[in-house]
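Residues per chain, in single letters:
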Amino acid sequence: KAGVTQTPRYLIKTRGQQVTLSCSPISGHRSVSWYQQTPGQGLQFLFEYFSETQRNKGNFPGRFSGRQFSNSRSEMNVSTLELGDSALYLCASSLNSDPYEQYFGPGTRLTVT
Amino acid sequence: DQQVKQNSPSLSVQEGRISILNCDYTNSMFDYFLWYKKYPAEGPTFLISISSIKDKNEDGRFTVFLNKSAKHLSLHIVPSQPGDSAVYFCAAEQAGTALIFGKGTTLSVSS
């Protein structure tokens, strides 16, 4: 069974631009969560989608948004990029909405210049 | 306010010895705790978990201990191997909410 895939793996953007990251969960998984990892900050929860509905949201500004499609694939969008948005963005999927069954993708490394 | 804290950013251990990674939490409503391991350029991988109703869970070389009164958990790796060198994240869950992660501890096991 294929794991969680994220595209692109690496991305360089300029301040003020917007970016869209994609995540394909493990087949059959209905829950997708997004995390931001920065040096010294660990993994910070962005949001979780379950069956196309946002179930939980972390403490991030409205510039960060996401959605989930009927096939459970998910995208997250960051508008008006800031230098501080440079991070590794991780996607995790789970069968239901149980966080402890989460499987992570390799992440998308976003660099904002 | 950090609800899950890993106060040691790094830990160095010799191969064959015990590695002990610590984690403290503040929210007494957490009902599940997990440890994840992360290698560079890879996503975190689930390692071991423990329910708040237990005080110990063991899986091979890995054992997690939970002390609810102290709001403290620890991960023991015995014996440590060079392949265990990675970043270890402690995470906690309160039912219906998202996982909250600590900032991680980098474990280096030397041969």
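Residues numbered from 1 in each chain as written. Chains lettered and ligands numbered in written order. Predicted model: local features only at pLDDT ≥ 70, side-chain atom pairs only at ≥ 80, totals over all residues. Heavy atoms only, no water.

Draft legend 1. The sheet that holds strand β8 (residues 74-78) of chain A, seen in detail. All names here are of chain A. Here we have 4 strands laid out as an open sheet, ordered β1-β3-β8-β7, and antiparallel in their pairing. Every other strand in the sheet has two partners, leaving β1 (5-7) and β7 (64-68) as the edge strands with one partner each. The mean angle between the axes of side-by-side strands here comes to 20°, regardless of whether they run parallel or antiparallel. Direction of pairing for β1 relative to strand β3 (residues 19-24): antiparallel, over a ladder of 3 bridges. For Thr5, the partnering residue across the bridge sits in β3 and is Ser24. (Pairing = 2+ DSSP bridges. Helix = DSSP H or I, 4+ residues; strand = E, 2+ residues; numbered from the N terminus. Axes fitted to C-alpha atoms, helices over the stretch in contact; angles between N-to-C directions.)

Draft legend 2. Region of the structure containing the layout of surface pockets. A volume near 540 Å³ is recorded for the largest pocket. If you list the elements that add at least two residues to the lining of the largest pocket, you get β5 (42-50) and β6 (53-57) of chain A together with β10 (100-101) of chain B. Counting residues per element, the lining of the largest pocket draws most heavily on β5(A), at 3 residues. Split into classes, the residues belonging to the lining of the largest pocket amount to 9 nonpolar, 8 polar and 3 charged. By volume, the second largest pocket amounts to about 280 Å³. As for the second largest pocket, its lining consists of 19 residues, and the residues nearest its centre are A:Gln37, A:Thr38, A:Pro39, A:Gly40 and B:Lys103. Those elements giving two or more residues to the lining of the second largest pocket turn out to be β4 (31-38) of chain A together with β9 (86-93) and β11 (105-110) of chain B. When grouped by side-chain class, the residues that make up the lining of the second largest pocket number 7 nonpolar, 9 polar and 3 charged. (1 Å grid on protein atoms, 1.4 Å probe; cavity = no way out; pocket = protein on both sides within 12 Å on 5 of 7 lines; lining within 4 Å. Points joined across faces, edges and corners; volume = space filled by probe spheres on them. Nonpolar A, V, L, I, M, F, W, Y, C, P; charged D, E, K, R; others polar.)

Draft legend 3. Summary view of the state of the cysteines. A complete count under the given rule lists 2 disulfides over all chains for this structure. Shown here is the disulfide that connects A:Cys23 with A:Cys91, its sulfur atoms set 1.7 Å apart. Taking the torsion about the sulfur-sulfur bond, which here is approximately -50°, the covalent link between A:Cys23 and A:Cys91 counts as left-handed. A residue pair is termed long-range when its members are at least 10 positions apart, and A:Cys23 in strand β3 and A:Cys91 in strand β9 (residues 87-94) qualify at 68 residues. There is a disulfide in this structure between B:Cys23 and B:Cys90, and the S-S distance comes to 2.0 Å. Between B:Cys23 and B:Cys90, the S-S dihedral sits near -75°, and the bridge is therefore left-handed. One end of the pair, B:Cys23, is in strand β3 (residues 19-25); the other, B:Cys90, is in strand β9, and 67 residues separate them in sequence. The class for B:Cys23 is buried, based on a relative accessible area of 0%. (Disulfide = S-S within 2.5 Å. Buried < 20%, exposed > 50% of the residue type's maximum accessible area, 1.4 Å probe, protein only.)

Draft legend 4. Expanded view of the packing of aromatic side chains. The final tally for this structure, using the stated rule, is 13 aromatic pairs over all chains. With centroids separated by 5.5 Å and ring planes inclined at 85°, the aromatic side chains of A:Phe104 and B:Tyr36 adopt a geometry described as edge-to-face. Highlighted residues: A:Phe104 in strand β10 (residues 103-104) and B:Tyr36 in strand β4 (residues 32-38), drawn from two different chains. For the pair A:Phe104 and B:Tyr36, one class covers both residues: buried. Look at B:Phe89 and B:Phe101: their rings are 6.4 Å apart centre to centre, the planes differ by 85°, and that puts the pair in the edge-to-face class. Here B:Phe89, found in strand β9, pairs with B:Phe101, found in strand β10; they are 12 residues apart in sequence, far enough to count as distant. Exposure remark for B:Phe101: the relative accessible area of 7% places this residue in the buried category. (Phe/Tyr/Trp six-rings, centres within 6.5 Å; stacked < 30°, edge-to-face > 60°.)

Draft legend 5. Structural detail: the environment of A:Thr38. Residues and elements named next belong to chain A. Along the chain, Thr38 falls in strand β4. Residue Thr38 is classed as buried on the basis of its relative accessible area, which comes to 14%. For the pair Thr38 and Ala87, spaced 49 residues apart in sequence, the C-alpha separation works out to 5.1 Å. Dropping the residues within four chain positions of it, Thr38 is found in contact with Gln44, Ser86 and Ala87. (Contact = heavy atoms within 4.5 Å.)

Draft legend 6. Focus on the nonpolar core. If you look at the biggest cluster of nonpolar residues, it comprises 23 residues, and the most contacted ones within it are B:Phe33, B:Trp35, B:Leu73, B:Leu75 and B:Tyr88. If you tally residues by element for this core, the top one is β9(B), at 4 residues. In this structure B:Tyr88 touches B:Gln6, B:Leu21, B:Trp35, B:Tyr36, B:Lys37, B:Leu47, B:Leu75, B:Ile77, B:Gly104, B:Thr105 and B:Leu107, once residues within four positions along its chain are discounted. Core analysis: the second largest hydrophobic core is formed by 21 residues, A:Leu21, A:Leu46, A:Phe60 and A:Cys91 among them. (Core = buried A, V, L, I, M, F, W, Y, C linked by side-chain atoms within 4.5 Å.)

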